[in-house]
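A closer look at the structure
The chain contents come next:
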Amino acid sequence: MEVRLGYVAMSVHVANASPSKTMTAAQFDKIGDKEAGLHKLERIAEENIHNCIRLLYHNRAYNIKFFRLSSRLIPLVGHEYTHGWNYMDELAPHFQKLGEVAREDGVRIDFHPDHFVLLNSPRKQVFDTSHKVLEHHIRMLTAMSLSPKHRCVMHVGGAYSDKEKALKRFVANWDKVSPEVRQAIMLENDDKVYTARDTLMLCETLGIPMVLDIHHHRCNPGQDADISSLLPRILATWSRSSLPPKMHISSPRSDKNKRAHADYIRPEELFPFLKEMARMTERLDIMVEAKQKDDAVLRLMDWVKREGEVHGIQAVNGGAFTV
DNA sequence: ACAGGTCAAGTCGTA
DNA sequence: TACGACTTGACCTGT
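Okay, so let's go over this structure.

Cut-offs applied
Every chain is numbered on its own, with residues counted from 1 as its sequence reads. Both sets of labels track the order of writing: A upward for chains, 1 upward for ligands. In keeping with the model being predicted, local features are shown solely for residues with a pLDDT of at least 70 and side-chain atom pairs are shown and tallied solely at 80 or more, while totals for entire chains, interfaces and linings include all residues. The basis for every side-chain value is the complete set of heavy atoms in the structure, and neither hydrogens nor water enter the calculation. A run of H or I in DSSP counts as a helix once it spans at least four residues, and a run of E counts as a strand once it spans at least two, with each numbered from the N terminus. Note on classification: 1.4 Å probe, protein chains only; a residue is buried when its accessible area is under 20% of the maximum for its type, exposed when over 50%, partly exposed between these limits. Any pair of residues with heavy atoms lying within 4.5 Å of one another is described as a contacting pair. Nearness here has a simple test: a residue counts as near a molecule or strand if at least one of its heavy atoms is within 4 Å of that partner. N or O atoms within 3.5 Å of each other form a polar contact, as long as, within protein, one can give a hydrogen and the other can take it, and as long as residues adjacent in sequence are counted only when both atoms are side-chain atoms. Throughout, the ten residues Ala, Val, Leu, Ile, Met, Phe, Trp, Tyr, Cys and Pro are labelled nonpolar, Asp, Glu, Lys and Arg are labelled charged, and all others, Gly among them, are labelled polar. Cavities and pockets were defined on a 1 Å grid built over protein atoms only: a cavity is a set of grid points that admits a 1.4 Å probe from which the probe cannot escape, a pocket is an open set flanked by protein on both sides within 12 Å along at least five of seven lines, and lining residues are those with an atom within 4 Å of any such point. Grid points are joined across faces, edges and corners, and a volume is the space filled by probe spheres set on the points.

A separate point is the environment of Leu-235. Mapped onto the elements of the fold, Leu-235 is located in helix H9 (residues 231-236). Under the relative-accessibility criterion, Leu-235 is labelled buried at 11%. In this structure, the C-alpha to C-alpha distance between Leu-235 and His-311, residues 76 residues apart in sequence, is 22 Å. Sequence-distant contacts of Leu-235, defined by excluding residues within four places in its chain, comprise Pro-245, Met-277, Met-280 and Thr-281.

This is how it looks when you write it as structure tokens:
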């Protein structure tokens, strides 16, 4: 099985390379002139995109082939202050360059829209805003000349004091989601409400690839203390995707704060799964969700190099290896 | 220069 | 019904 490790949005190694510099609404308001404000936002976005390119060059050095882009590349997008802003007029060439670098290196790029993007909300306005945010993500992917298919991972949403009803509402709302947005989505189990089993059922019903988050599953296992029996079905949700199945891993921050992400990944979070997965899939992309970002990936890579052989791992090449 | 507070979003638990 | 906590990185304000 070919495994590729990835990390989230920013680096602790590359200095001054934030991909999510922003401007507050108050600051925008203070400028007074909308055109001038939008121009400034475009300059910030340009810098964010440029920093993503720098991060991809950094990834190239370590053969890291999987990367989640920040969902905050363009500040205040969707805010009422920026209504009617054709940000792509200015930013398209920069996105194009970012996409070129990603393609050159064969890097899998994806997004994780923020947790207030909710397709199962009973409030129409929340649904509409969420849909707009997802359309915005597709616009960015298209500007990078990357296929938007299965590039946005998100959660099922809120429980709204009736989980069964809220699950049904997700299915009902799915009809109102545009075909482009539907294709872009992957669903992930969360750490409080929707278990891996809940999410899987939804994914099977609607034909959505499922991203298994191991850490969330440990926080919120439901009836499936052992995830093994669900793994073949989870992998099967990827059968019609051109992308390899994807997982998230992280370790709990502490006993008191189990849900929060630790700085690093404990290798034992990973290895029992790898052998099991290797029997079921040819490829697997693993997103490392750790506070120390790329450094957590580098540390895991060192571990794989040092001790991996015992666990059946061969042919290590930076952030990619074979099990 | 640094610390602590604020922002942005929607949901959810507690008064 | 109203408000604070939650989450995250960055910005903002006061020292």
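Taken together, Met-10, Ser-18, Ser-20, Lys-21, Thr-22, Thr-24, Gln-27, Arg-72, His-115, Arg-259, Lys-291 and Lys-293 are the residues near DNA strand C. Of all DNA strand C atoms lying within 4 Å of any protein atom, the proportion belonging to sugar or phosphate reaches 88%. Within the side chain of Ser-18, one N or O atom sits 2.5 Å away from a phosphate oxygen of DNA strand C. Note that a phosphate oxygen of DNA strand C is positioned 3.4 Å from one of the side-chain N or O atoms of Lys-291. Here the surface near DNA strand C is composed, by residue class, of one nonpolar, six polar and five charged.

Turning our attention to empty space enclosed by the protein. In total, this model carries one cavity of 30 Å³ or more according to the counting rule given. In this model, the largest cavity occupies a volume close to 40 Å³. Grouping the constituent residues of the lining of the largest cavity by class yields ten nonpolar, no polar and one charged.

What follows concerns the layout of surface pockets. There is about 1,100 Å³ of room inside the largest pocket. Along the wall of the largest pocket there are 32 residues; nearest its centre are His-112, Asp-114, His-115, His-155 and His-261. Those elements giving two or more residues to the lining of the largest pocket turn out to be strand E2 (66-69) and strand E4 (152-155). Here the residues of the lining of the largest pocket sort into eleven nonpolar, ten polar and eleven charged. As for the second largest pocket, its lining consists of 26 residues, of which Leu-76, Val-77, Gly-78, His-79 and Val-133 are closest to the centre. Among the elements that take part in the lining of the second largest pocket, helix H4 (residues 124-143) stands out by supplying eight residues, more than any other. Classifying every residue of the lining of the second largest pocket by side-chain character gives ten nonpolar, ten polar and six charged.

Positive phi outside glycine occurs at Ala-9, with the angle close to 65 degrees. In this fold, Ala-9 is placed in the loop between strand E1 (2-8) and helix H1 (25-31).

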